[in-house]
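Coordinates in review
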Amino acid sequence: MFELRDYQQNSINEIYQSIKKGNQSIIVQSPPRTGKTVIMADIARRATSIGNRVLFIVHRKEIVDQVKKTFIEQGVDMDLATIGMVQTITRRINTLDEPKIIFVDEAHHVLAKSYMRILEAFPKALRLLFTATPIRLNGDSFEEVATDLIQGKPITELINKGFLAPVDYYAPVEINTDKLKVKRTGEFDEKSISEAFKPKIYGNAVKTFQKLANGKQAIAYTYNVASAEKLAHEFNSVGISTKAVSGNTPKEERNQIIEAYRNGDIQIVTNAELFTEGLDLPNVDCVIMLRPTQSLSLYLQFAMRSMNPRKDKTAVIIDHVGNVNRFGLPTIDRNWTLKGSKKSNSKQGDSIQGTTTCEYCFGTFYRKADNKCPYCGKEIKIEIQEIETDESVELEKINKTRVERAEQIMKSEINKNIAGKTPADLKNMEEIKAYQKLMNYKPGWVWFYGKKRGFIK
Ligand SMILES: [Zn+2]
């Protein structure tokens, strides 16, 4: 059994207080890599020790074995615990005994039908909904499934206490993220990523790594299997031992790679899928992001992959795709609410301050009054950028920094309203026009989509 850390014990105390107040469905926010399964296991241990059943719903099959292992280590009575994938449990729902507690892992998915079917089948059960990011891509509120939200400790505090490693964040933007298109699901379209990536990006990723994180063990997240392989090839060609891993990599080979990584014989693993089974690499000190995402959840999980603490360690994150512009630094303190983004100020559940990237060292930070780069000490100049609009329909010169531009976009009332939405959510022509600008769609899309929706006769 693990000794619980003080912040884990705090969360447990807050959960019990919330239950005492009469809450039956509670969202528990807990940052990635801070041991939320241990919290759940401890509650499950207490529940099963007095004969209560528990049900644990996970989003991905790779997690099931991990959770089982933690539950057994924490002394949960496994005869009274059911742990399974959401689809599996939905199918077996009629054969299950009523649980006293339902745990939902990655609960930002909880409003999906499959989850709701399970929750509704056991209306008397206590629901504990765990997530690092209580927010949905479409901005929906959690008020219909929960009556209380318990916030985990701020990441800065966890770093100060040594539970997470501090981070240097670099954002050498080398692709034109303005060209990225968004799919109906709200995530970026793979084809548009491919178009936005110039072939040289991989070579640049290698040079940047050598400059900023040479010698560190790293994991690089790419946007598909082919790009993971291409990047591995580029690293190997300069003598940095690298393997690409995907869901297709045979289990035995995966295990060998992990072992070689542990021994330091492999320095970098490239990977297009965050949850590749069994790919829990030790000693990751650097994360290279070559996959743009619209999901705060995915962003934090990518970034915090590097933040397991070790003595005197500072993790390095190299963000080639501007994810930091959408979400802010991974280490900022975020305020979560049950309300979702439609009623709050931005799609992150908290307003995001624009970051500044130093043009000498790529250090990425929140600007202070002294106007100096905290990484290299150089004076920060206001950069002048010329931004070309999509498809060269017209040239738009914006003499503003990227940061100012992002702020300008977020400040506009109408954009607050449409941030995080899919086109199908837009209510009128004004919103469609604003959406086109926000997403950098072709101007013709406004007419096309307005017509399709029946706003233009
Ligand atoms: Zn600098």
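What counts, and where the lines are drawn
- Residues numbered from 1 in each chain as written.
- Predicted model: local features only at pLDDT ≥ 70, side-chain atom pairs only at ≥ 80, totals over all residues.
- Heavy atoms only, no water.
- Donors = N, O, S within 2.8 Å, 3.2 Å for Na, K, Ca; no water.
- Helix = DSSP H or I, 4+ residues; strand = E, 2+ residues; numbered from the N terminus.
- Buried < 20%, exposed > 50% of the residue type's maximum accessible area, 1.4 Å probe, protein only.
- Expected span 1.5 Å × (residues − 1).
- Arc of directions from axis to C-beta.
- Polar contact = N/O pair within 3.5 Å; in protein donor to acceptor, adjacent residues only side chain to side chain.
- Axes fitted to C-alpha atoms, helices over the stretch in contact; angles between N-to-C directions.
- Parallel < 35°, antiparallel > 145°, perpendicular 65-115°, else oblique.
- Left-handed = near helix turned anticlockwise from the far one by under 90°.
- Contact = heavy atoms within 4.5 Å.

The next thing to look at is the coordination of the zinc ion. The protein atoms that coordinate the zinc ion are C358 (SG), C361 (SG), C373 (SG) and C376 (SG), at distances of 2.3 to 2.4 Å. Within one chain, the residues donating to the zinc ion are spaced in sequence as C-x2-C-x11-C-x2-C. One end of the pair, C361, is in the loop between β13 (356-357) and β14 (364-365); the other, C376, is in the loop between β14 and α13 (402-411), and 15 residues separate them in sequence. C361 gets classed as buried once you look at its relative accessible area, which sits at 13%. Using a relative accessible area of 36% as the deciding quantity, one classes C376 as partly exposed.

The next thing to look at is helix α10 (residues 251-262). Compared with an ideal rise of 1.5 Å per residue, which puts 12 residues at 16 Å, α10 spans 16 Å between its outermost C-alpha atoms and is within 8% of the ideal. Listed as buried for α10 are R254, I257, I258, A260 and Y261. Across the axial projection of α10, the buried residues extend over an arc of 165 degrees, all falling on one side.

A word on helix α15 (residues 429-439). Every buried residue belonging to α15 is among M429, E431, I432, A434, Y435, Q436 and M439, and all of these are buried. By the N-cap criterion, in which a side-chain oxygen at the helix start approaches the backbone nitrogen of a residue two or three places on, α15 is capped by N428, the distance to E430 being 3.2 Å.

Interhelical geometry of helix α1 (residues 6-20) versus helix α2 (residues 36-49) gives an angle of 50 degrees and a closest axis separation of 10 Å. Judged by the inter-axis angle, α1 sits oblique to α2. The two elements α1 and α2 cross, and the hand of that crossing is right-handed. Residues Q8, Q9, S11, I12, I15 and Y16 of α1 form the contact with α2, whose participating residues are V38, I39, D42, I43 and R46.

Read these as layout, nothing more, since geometry by itself doesn't imply function.
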